[in-house]
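Structural characterization, general
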Amino acid sequence: MKTRLILQPGSRGTRKLLSQYGKRMVCVRYRYDERLKRRYKTVELIVDEVAWEPKPPRPGTTVSVRIRFEEDAMRRQIKASGGRWEGRRQVWRIRYDKAVELGLRDRIVDRQSI
């Protein structure tokens, strides 16, 4: 079965389902089964919500950090700590422990193991 279309709540084709499921609805998917020649409309719903705190990264993990263009001093500190500029994504790549040391924990946008 292939998914060809994923719609966000409120977009065309989701309004009736949104009125039925409300804020619990995450998205609507149109899935196609070529063997059975059927199209299925599925709804992804939130059924439970609890507080969750992600575990801190392991040592040796690199993270992406966003720094504004005009923050020259911060950019120099990141470079001095071994950070690398990733121009395609417009982020600095730096080890997690160095990012914490520089006070950049709140600027981390994702993680990737080395």
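Here we summarise the structure given alongside this text. Since this is a predicted model, take the numbers as computed values, not measurements. (Residues numbered from 1 in each chain as written. Predicted model: local features only at pLDDT ≥ 70, side-chain atom pairs only at ≥ 80, totals over all residues. Heavy atoms only, no water.)

1. Overview of the pairing of strand 3 (residues 38-45)
- Sheet analysis places strand 2 (residues 25-33) next to strand 3, joined by eight bridges and oriented antiparallel. Pairing of Val28 across the sheet is with Val43, part of strand 3.
- If you look at the hairpin formed by strand 2 and strand 3, you'll find four residues sitting between the two strands, and Lys37 has a positive phi there, around 55°. (Pairing = 2+ DSSP bridges. Helix = DSSP H or I, 4+ residues; strand = E, 2+ residues; numbered from the N terminus.)

2. Some details on the environment of Thr3
- Inspection of the secondary structure assignment puts Thr3 in strand 1 (residues 2-7).
- With 74 residues separating them along the chain, Thr3 and Gln77 place their C-alpha atoms 45 Å apart.
- Beyond its immediate stretch of four places on either side in the chain, Thr3 contacts Arg29, Tyr30 and Arg31. (Contact = heavy atoms within 4.5 Å.)

3. Remarks on the pattern of salt bridges
- As enumerated under the stated definition, the model contains eight salt bridges in all.
- One salt bridge connects Arg107 with Glu71, and the closest N-O pair in it is separated by 2.8 Å. Residue Arg107 is located in the loop between helix 3 (96-101) and strand 7 (108-113), and its partner Glu71 is located in the loop between strand 4 (61-65) and helix 2 (72-80); the two are separated by 36 residues in the primary sequence.
- Judged by relative accessible area, which is 24%, Arg107 ranks as partly exposed.
- Taking the relative accessible area as the measure of exposure, Glu71 reaches 15% and is therefore buried.
- Across the pair Arg75 and Asp72 runs a salt bridge, and its minimum N-O distance is 2.3 Å. Of this pair, Arg75 and Asp72 both sit in helix 2, three residues apart, which is roughly one turn of that helix.
- Judged by relative accessible area, Asp72 falls into the partly exposed class, the value being 36%.
- Ionic contacts of the salt-bridge type, sharing partners, join the residues Glu86, Arg88, Arg89 and Arg93 into one network. (Salt bridge = Lys/Arg side-chain N within 4 Å of Asp/Glu carboxyl O. Buried < 20%, exposed > 50% of the residue type's maximum accessible area, 1.4 Å probe, protein only.)

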